[in-house]
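For reference, the chains in residue letters:
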Amino acid sequence: MNKALKSLNLSRIGLNLFIGLLAVFILGPLVWLGVHAFASDWQYPNLYPSGLTMRWWSKVFLDSAFATAIKNSLVISPIVVLISMFICLPAAYAAGRMNFFGRKVFMITLFSANSFPKIGLFAAIATLYYALNLMGTFVGVVIIQLLGTIIYMTWIPAAAFAAVPKNLEEAARDAGASKFTVFRTITLRLAMPGILVAIVMSFLASFDEAQGTYLVGAPGIFTMPTEMYSLVQNYPIQVAAVFSILLAIPSVLLLGLARKHIMGGQLAEGFQLK
Amino acid sequence: MISLRSKKSKEGSLTTHGGGPSPRSLVGLALSLPPLLIVLIFVGLPILIGLTFSLGFTTGPNRVIAIIGQQIHKKNHWWGTLGAYNDVIHDSRFFGDLRLTIFVTVLSTTLVLLLALAIALYQRLIGGRKAAVLVTLSIVPLFVPVVISAWAIHTFYGGDGFMRTFFTHFGINFPTLTSTPSAIVIGTVWTSLPFAILMISSGLQAIPDALIESAKDCGASVFRVIANILIPLAKTPIIIAASFTSIGILGSFTIPLFLGPNQPTMLGVEISNFFGAYNRPQQSLVMAFIVFAIASGIAVLYVRSNIKSAKESGRL
């Protein structure tokens, strides 16, 4: 009895230790970087900064290059998501609800396009971009970011559409609802959590995309992540910390919006080919 | 089993006409065309053109890049030349890079899977508040842009980072991990954990309680329940998690760029170096194709496992 109690205590300590280590592993780097945004100076090996300041924030907000990058990011990503929805959602509906010829090939083609190393694709795409005059253009950047969203915007909603029970729709039809009403009030509504998750994931994919945007957009178009590449090399760590916090805001807001559905399995469901 | 499908779809019976594609099938195909075309034009076509360039086709669309680039091999057979492939294979750097890439991919994928399995199993079998804390913690990286996470980890494990700062106060000289392969592993595990957790935990949640309870009633230990019921039944999500994680790590760029050593480095960084800094686009593409070949091998596992599970559950 005593022995069992001891082992129970031991496993509880082990579990708490594990939680603590995971918290340090996951949150530690973020907190450490975040605190730097308010530190005037930080000498190794002091556990605390020499002082607190907001001067790095004004540096970021007053620098026109940073402001432009923030503006670009906030304009480009929503456009990318809207185009992605327009292009992919009908396809997702088809893939989820219709057993058309070549459906499986379609899904696998999207997947294999995703498994080519991105950096290699960006190197290869330069040729095409020069031929189409897309280098350094807004459209070019939008297309590059669009490529990373397609897999989310087709796969996740496809699974969500497929999961809508057919008998519900049929019952509504039998009760006299028009096809459009059924689609709007039942199909679309039940598939909405999946679509929401797809929108969030696509936004993050576009908002975070750095390497392709840099290759295609520079030197004319900078977004927040591409600005970050040059920033970490040329500015003190505090400026990068401020910029990181700004860059993380949209993601954190979206986390609040879609956390329930993402953890509820909508994302996982989307990645099982059916 | 095919008959099962057509019986379920109401429209199927309405539109059966002599073997040809049904109108509904054509609609489906038409709806799926836009994303397919985008992918074919902006992914398929560049890869195809890139393949011809890597084989020494230096005219047509490859003319400009062949003029700008250095150490270009021109084709000497009707099918091209393997000159650039030969360059890469005989480049001493390449094998160091390849070894590091495979080492990181295998080690990080294993660590991610073990961590995700442990947390997801704990959540499935015991649950409660602590399980929720563990899962929530592991999802956090999903919402942090890679550039930030790479930079945050860089500063955390760097020469004047938190780990060294903290441990000096206990008289321990914690090693500087930034710019070593260990930092790449830390970074890739950090960024890959959320997807693996989501996949595996949703797979485990789908297993009915009754199965676990009845096994326990028959006297099965927790380990037998895990090994003989939970893991086999969640095999498909586990394989999906494994393949997406490893393919993602294989082609990763930002993490090894910020966290890894200069030499050897992972192939993702080397592809970019060869394309940009060294101006050797042909060799750069050759490396991309080598990474793609490895990724395709993993992708086959993924597709096969999916098809198998679809067959088992009667969807195919």
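This one's a predicted model, so the numbers in the text were calculated from it and none came from an experiment.

**Let's talk about the overall build of chain A**
Thought 1: Within chain A, the regular secondary structure consists of 12 helices and 0 strands.
Thought 2: When the helices and strands of chain A are listed from N to C terminus, the series reads α-α-α-α-α-α-α-α-α-α-α-α.
Thought 3: Relative to the 2.2 N^0.38 estimate, which gives 19 Å for 274 residues, the radius of gyration of chain A is 24 Å and therefore markedly larger than a compact globule would have.
Thought 4: Dimensions of chain A along its principal axes, counting C-alpha atoms only, are 75 × 70 × 35 Å.
Thought 5: Summarising the internal contacts of chain A: among those between residues at least 6 apart in sequence, 75% fall at separations of at least 24.

**Quick word on the overall build of chain B**
Thought 1: A count of helices and strands for chain B gives 16 helices and 0 strands.
Thought 2: On C-alpha atoms alone, chain B measures out to a radius of gyration of 25 Å, which is more than a quarter above the 20 Å that the 2.2 N^0.38 rule sets for 316 residues.
Thought 3: Referenced to the eigenvectors of the C-alpha coordinate spread, the extents of chain B come out at roughly 80 × 70 × 30 Å.
Thought 4: Within chain B, residue pairs in contact and separated by at least 24 positions form 71% of the contacts whose partners lie at least 6 positions apart.

**Observations concerning the domain arrangement of chain B**
Residue and element names in this part refer to chain B.
Thought 1: Along its sequence, chain B is organised into domain 1 (21-85) and domain 2 (91-312).
Thought 2: With 12 residues of domain 1 at the interface, the matching set in domain 2 holds 8 residues.
Thought 3: Element by element, the count of residues in the side of domain 1 that touches domain 2 is highest for helix α3 (residues 23-54), at 4 residues.
Thought 4: In terms of residue class, the side of domain 1 that touches domain 2 is made up of 6 nonpolar, 6 polar and no charged.

**As for the interface of chain A and chain B**
Thought 1: Listed per partner, the contact involves 79 residues of chain A and 81 residues of chain B.
Thought 2: Examining the composition of the side of chain A that touches chain B, we find that 12 residues originate from one element, helix α5 (residues 118-131) of chain A, more than from any other.
Thought 3: A breakdown of the residues in the side of chain A that touches chain B according to their chemical character gives 60 nonpolar, 14 polar and 5 charged.

**Remarks on helix α8 (residues 146-156) of chain B**
Thought 1: Counting buried positions over the 11 residues of α8 of chain B gives 11, a clear majority of the element.
Thought 2: Taken together, the buried positions of α8 of chain B are Val-146, Val-147, Ile-148, Ser-149, Ala-150, Trp-151, Ala-152, Ile-153, His-154, Thr-155 and Phe-156 of chain B.

**Things to note about the nonpolar core**
Thought 1: One finds Ala-116, Ile-200 and Ala-241 of chain B to be the most contacted residues of the largest nonpolar core, which totals 176 residues.
Thought 2: Sort the elements by how many residues they give to this core and helix α6 (residues 138-162) of chain A lands first, with 16 residues.
Thought 3: Counting contributing residues, this core receives three or more from each of domain 1 (21-85) and domain 2 (91-312) of chain B.
Thought 4: Residue contacts for Ala-241 of chain B: discarding those within four places in its chain leaves Leu-113, Ala-116, Phe-195, Ala-196, Met-199 and Ile-200 of chain B.

**Focus: unusual backbone geometry**
Apart from glycine, the bulk of residues carry a negative phi angle, and the bulk of peptide bonds sit in the trans form.
Residue and element names in this part refer to chain B.
Thought 1: Backbone torsion omega between Gln-263 and Pro-264 reads -10°, so that peptide bond is classified as cis.
Thought 2: Along the chain, Pro-264 turns up in the loop between α14 (254-259) and α15 (267-275).
Thought 3: Positive phi, close to 70°, is recorded for Ser-179, a residue that is not glycine.
Thought 4: Along the chain, Ser-179 turns up in the loop between α9 (162-168) and α10 (181-205).
Thought 5: Assessed through the 17 C-beta atoms surrounding it within 10 Å, Ser-179 is described here as partly exposed.

**Observations regarding the environment of Ile-139 of chain B**
Thought 1: With respect to the secondary-structure elements, Ile-139 of chain B resides in helix α7 (residues 129-139).
Thought 2: Residues Ile-139 of chain B and Gln-71 of chain B, 68 residues apart in the sequence, show an inter-C-alpha distance of 45 Å.
Thought 3: When sequence neighbours within four positions are dropped, the list of residues in contact with Ile-139 of chain B reads Met-263 of chain A together with Pro-194 and Ile-197 of chain B.

**Remarks on the environment of Leu-107 of chain B**
Residue and element names in this part refer to chain B.
Thought 1: Relative to the assigned elements, Leu-107 resides in helix α6 (residues 92-125).
Thought 2: For Leu-107, a count of 17 C-beta atoms within 10 Å gives the class partly exposed.
Thought 3: Between the alpha carbons of Leu-107 and Val-189 there is a distance of 9.2 Å; along the sequence they are 82 residues apart.

**Looking at the packing of α6 of chain B against helix α13 (residues 235-250) of chain B**
Geometry of a packed helix pair, given as the angle between the helix axes and the separation of the axes.
All names here are of chain B.
Thought 1: In the contact formed by α6 and α13, the axes pass within 9 Å of each other and the chain directions differ by 145°. α13 is crossed by α6, and the crossing has right-handed handedness. Between α6 and α13, the residues in contact are Thr-101, Val-104, Thr-105, Ser-108, Thr-109, Val-112, Leu-113 and Ala-116 and Ala-241, Ala-242, Thr-245, Ser-246, Ile-249 and Leu-250, respectively.
Thought 2: Split into classes, the residues belonging to the contact of α6 with α13 amount to 8 nonpolar, 6 polar and no charged.

**Topic: the confidence of the model for chain B**
All names here are of chain B.
Thought 1: Of all residues in chain B, 91% attain a pLDDT of 70 or more, and the chain-wide mean is 83.
Thought 2: Throughout residues 1-19 the model reports pLDDT below 50, and contacts reaching past four residues in sequence, or to other chains, amount to 10 contacts.
Thought 3: The ipTM for the predicted assembly is 0.87, set against a pTM of 0.87.

**Here we look at α3 of chain B**
Thought 1: At Leu-33 of chain B, α3 of chain B shows its largest kink, close to 45°, and the proline Pro-34 of chain B lies no more than four residues downstream.
Thought 2: Where α3 of chain B ends, the next residue or the one after it, Gly-56 of chain B, has phi of about 95°, a positive value.

**Some details on the environment of Ile-148 of chain B**
Thought 1: Its location among the elements puts Ile-148 of chain B in helix α8.
Thought 2: In sequence terms Ile-148 of chain B and Thr-254 of chain B are 106 residues apart; their C-alpha atoms lie 9.9 Å from each other.
Thought 3: Leaving out residues up to four positions away in the same chain, Ile-148 of chain B has contacts with Ser-244, Leu-247 and Ala-248 of chain A.

Quick notes on the rules
Residues numbered from 1 in each chain as written. Chains lettered and ligands numbered in written order. Predicted model: local features only at pLDDT ≥ 70, side-chain atom pairs only at ≥ 80, totals over all residues. Helix = DSSP H or I, 4+ residues; strand = E, 2+ residues; numbered from the N terminus. Rg over C-alpha atoms; globule rule 2.2 N^0.38 Å. Contact = placed C-beta atoms within 7 Å. Domains from an automatic or database assignment. Nonpolar A, V, L, I, M, F, W, Y, C, P; charged D, E, K, R; others polar. Buried ≥ 20, exposed ≤ 12 C-beta atoms within 10 Å, placed from the backbone. Core = buried A, V, L, I, M, F, W, Y, C linked by C-beta atoms within 7 Å. Axes fitted to C-alpha atoms, helices over the stretch in contact; angles between N-to-C directions. Left-handed = near helix turned anticlockwise from the far one by under 90°. pLDDT = per-residue confidence, 0-100. Bend = angle between axes of the 7 residues up to and from the residue.

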